[in-house]
Amino acid sequence: MGYSHAVSQSLLKKVLPPEGRSISEVSRETGVNDQTIRNWIKRSKTGILADGNQDSCPRFLRPKEKYQLVVEAAGIDDEQLGEFLRERGLHSEHITIPDQELRNMIDNKNDQQDKENKALKKKIKELEKELQRKEKALAEAASLLILKKKLDALTREHEDD
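Each chain has its residues counted from 1, running along the sequence as written. Totals for whole chains, interfaces and linings use all residues, but because this is a predicted model, local features are given only for residues with pLDDT of at least 70 and pairs of side-chain atoms are given and counted only at 80 or more. Only hydrogens and water are set aside; all other atoms, that is, all heavy atoms of the structure, feed into the side-chain values.

J.: Can you walk me through the side chain of K14 in this structure?
T.: Relative to the helices and strands, K14 is located in helix α1 (residues 5–15). Buried means the residue's accessible area, taken with a 1.4 Å probe over protein chains only, is under 20% of the maximum for its type, while exposed means over 50%, and partly exposed covers the values in between. Classification of K14 by relative accessible area gives buried; the value is 2%. Polar contacts here mean pairs of N or O atoms no more than 3.5 Å apart (in protein, one a potential hydrogen donor and the other a potential acceptor; neighbouring residues in sequence count only if both atoms are side-chain atoms). Side-chain polar atoms of K14 contact the side chain of E29, separated by 3.2 Å. Strands are runs of DSSP state E lasting at least 2 residues, helices are runs of H or I lasting at least 4, and numbering of each runs from the N terminus.

As structure tokens, this is what we get:
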């Protein structure tokens, strides 16, 4: 299966510095064979794989790039959207799918934060309950100590008589 120049460049950006992710990680994420990626790296180092200035395939865009694409498309009215998409070699689903993916990421993050908040609130409640129990025990111990001192003082007075 042949991949476009844009796809190879997009994957090379992920595995070469500054991003420098592992080849196996990018391979699992994208479904491109790891040996194919190694071949692209070898070709890019020898200059056979020229560095084109084409946009990456939307399938291989990072979340930040997808977000930028969605924001740019949102700022364009419907009449000019077709031209915007044609300039970048995209279809309308290349906007709607990343938009939905980003919304799902935000929803999942919010759900995770809600779970963390619930767990923290529960922990705070438990700690406050334990603190109250310890304060009561301390107050009781202080009361018993005071009563013991008074008893000792009273018994000394009676012994002196």
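Let us keep going from here.
J.: Mind showing me how you'd approach the packing of α1 against helix α3 (residues 34–46) here?
T.: A pair of packed helices is characterised by two quantities: the angle between their axes and the separation of those axes. Interaxial angles span 0 to 180 degrees and are taken between N-to-C directions of axes, which are lines fitted to C-alpha atoms, for helices over the stretch in contact. Running from amino to carboxyl end, α1 crosses α3 at an angle of 90°, the nearest separation of the two axes being 10 Å. Comparing the axis directions of α1 and α3 gives the class roughly perpendicular. Together, V7, S8, L11, L12 and V15 of α1 and I37, W40, I41 and S44 of α3 make up the contact between the two elements. Lys, Arg, Asp and Glu make up the charged group, whereas Ala, Val, Leu, Ile, Met, Phe, Trp, Tyr, Cys and Pro make up the nonpolar group; the residues left over, Gly among them, are polar. Here the residues of the contact of α1 with α3 sort into seven nonpolar, two polar and no charged. Each angle is binned into one of four classes, with values under 35 degrees roughly parallel, values over 145 roughly antiparallel, values of 65 to 115 roughly perpendicular, and all other values oblique. In this description, contact between two residues means that some pair of their heavy atoms is separated by no more than 4.5 Å.

J.: What should I look at first to understand helix α6 (residues 93–160) in this one?
T.: Because each turn of an α-helix spans 3.6 residues, side chains separated by three or four positions in sequence point in the same direction. Taking 1.5 Å per residue, 68 residues should reach 100 Å; α6 reaches 99 Å between its end C-alpha atoms and fits that length. On its buried face, α6 is in contact with α4 (63–74) and α5 (78–88). To estimate the expected span of a helix, count its residues, drop one, and scale the result by 1.5 Å.

J.: Whenever I open this one, the side chain of S27 confuses me. Can you help?
T.: Within the fold, S27 resides in helix α2 (residues 23–30). You can call S27 buried: its relative accessible area is 14%. Residues in contact with S27, not counting those within four places in the same chain, are V32, N33, D34 and I37.

J.: Any chance you could explain the confidence of the model for the protein here in plain terms?
T.: Interpreting fine coordinate detail is not advised for predicted regions of low pLDDT. On average, the protein scores 82 in pLDDT, and the residues at 70 or more come to 89%. For residues 51–56, every residue scores under 50 in pLDDT, and the model assigns this stretch twelve contacts once sequence neighbours within four places are set aside. pLDDT runs from 0 to 100 and stands for how confident the predictor is about each residue.

J.: Teacher, can you tell me more about α3 here?
T.: Taking 1.5 Å as the rise per residue, α3 with 13 residues should run 18 Å; its terminal C-alpha atoms sit 19 Å apart, in good agreement. Within α3, burial applies to I37, W40 and I41. Mapping the buried residues of α3 onto a view down its axis gives an arc of 100°, with all of them on the same face. Within α3, the exposed residues directed more than 90 degrees away from the buried face are K42 and T46. The elements touched by buried residues of α3 are α1 and α2. Here, the arc refers to the directions that run from the helix axis to the C-beta atoms.

J.: I'm lost on unusual backbone geometry in this one. Help?
T.: Outside of glycine, negative phi angles account for most residues, and trans bonds account for most peptide bonds. Of note, the bond from P17 into P18 is cis; its omega dihedral lies within 30 degrees of zero at 15°. With respect to the helices and strands, P18 occurs in the loop between α1 and α2.

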